[in-house]
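Notes for the structure review
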Amino acid sequence: MIIKLAYAGCEPRKSFEPVLLRTLEGFKDSLPAEEVRVRVAATEGQSPPYGLRAQFVTPGPDYVAEGRDHTLPAALRKLVLDLLRVIRQRTDKQVRRKDKRKTGAARGVKSSYRG
């Protein structure tokens with residue numbers, strides 16, 4: 001997994017970067033991501049000032065999560081929670097589709113013959 005960091009409106013923080021990289025590496029087993037693009041942004045005059053956006057590039061649709069808060073560690077926690085929510089939604093949707101295929105009528109069967 002290749003992790004690309006981009007900063008907007010702030011300088012790279014040497015104390016925060018290793019924490020961010022370790023956190024993203026933790027998703028290596030659960031997401032088959034080839035690349036992770038992370039944008040760290042700080043905006044003056046906006047509340048909350050710090051925002052993180054991560055895009056996990058995977059075969060198929062990408063996983064995108066965001067987190068905003070008053071500190072970078074808090075924004076990272078919100079990003080992780082959002083990413084877990086996105087992963088849960090995808091897996092639930094895949095399970096529903098799989099169950100629907102098992103219970104649905106065979107293709108090509110007229111609606112009047114379905115049970």
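Residues numbered from 1 in each chain as written. Predicted model: local features only at pLDDT ≥ 70, side-chain atom pairs only at ≥ 80, totals over all residues. Heavy atoms only, no water.

Details of a positive patch on the surface
A cluster of basic residues, K93, R96, R97, K98, K100 and R101, forms a positive patch at the surface. Inspection of the secondary structure assignment puts R101 in helix α2 (residues 72-103). Residue classification places R101 among the exposed positions, given a relative accessible area of 64%. (Patch = residues over 30% accessible without salt bridge, like charges linked within 9 Å, V, L, I, M, F, W, Y side chains within 5 Å. Areas by Shrake-Rupley, 256 points an atom, 1.4 Å probe, with all protein chains shown as cover. Salt bridge = Lys/Arg side-chain N within 4 Å of Asp/Glu carboxyl O. Lys, Arg positive; Asp, Glu negative; His and termini not counted. Charge placed at Lys NZ, Arg CZ, Asp CG, Glu CD. Helix = DSSP H or I, 4+ residues; strand = E, 2+ residues; numbered from the N terminus. Buried < 20%, exposed > 50% of the residue type's maximum accessible area, 1.4 Å probe, protein only.)

Brief notes about the pattern of salt bridges
Counted according to the given criterion, the structure contains six salt bridges. E35 is the salt-bridge partner of K4, the closest N and O atoms lying 3.4 Å from each other. Of this pair, K4 sits in strand β1 (residues 2-8) while E35 sits in strand β2 (residues 35-42), and the two are 31 residues apart along the sequence. Judged by its relative accessible area of 13%, E35 is buried. For R85, the salt bridge identified is with D82, shortest N-O distance 2.5 Å. Note that R85 and D82 are positioned in helix α2 at a spacing of three residues, about one turn of the helix. Given the relative accessible area of 36%, R85 is considered partly exposed. For D82, a relative accessible area of 16% corresponds to the buried category.

Topic: the packing of aromatic side chains
Summed over the entire model, instances satisfying the criterion amount to one aromatic pair. The interplanar angle of 70° and the centroid separation of 6.2 Å between the aromatic rings of F27 and F56 together place this pair among those described as edge-to-face. Residue F27 is found in the loop between α1 (17-25) and β2, and its partner F56 is found in strand β3 (residues 50-57); the two are separated by 29 residues along the sequence. Exposure class is identical for F27 and F56. Each is buried. Positioned above the aromatic ring of Y63 is the side chain of R90, whose terminal nitrogen or guanidinium carbon lies 4.1 Å from the ring centre. (Phe/Tyr/Trp six-rings, centres within 6.5 Å; stacked < 30°, edge-to-face > 60°. Lys NZ or Arg CZ within 6 Å of the ring centre and 35° of its normal.)

Examining unusual backbone geometry
In this chain, S47 is followed by P48 through a cis amide linkage whose omega measures -5°. Within the secondary structure, P48 sits in the loop between β2 and β3.

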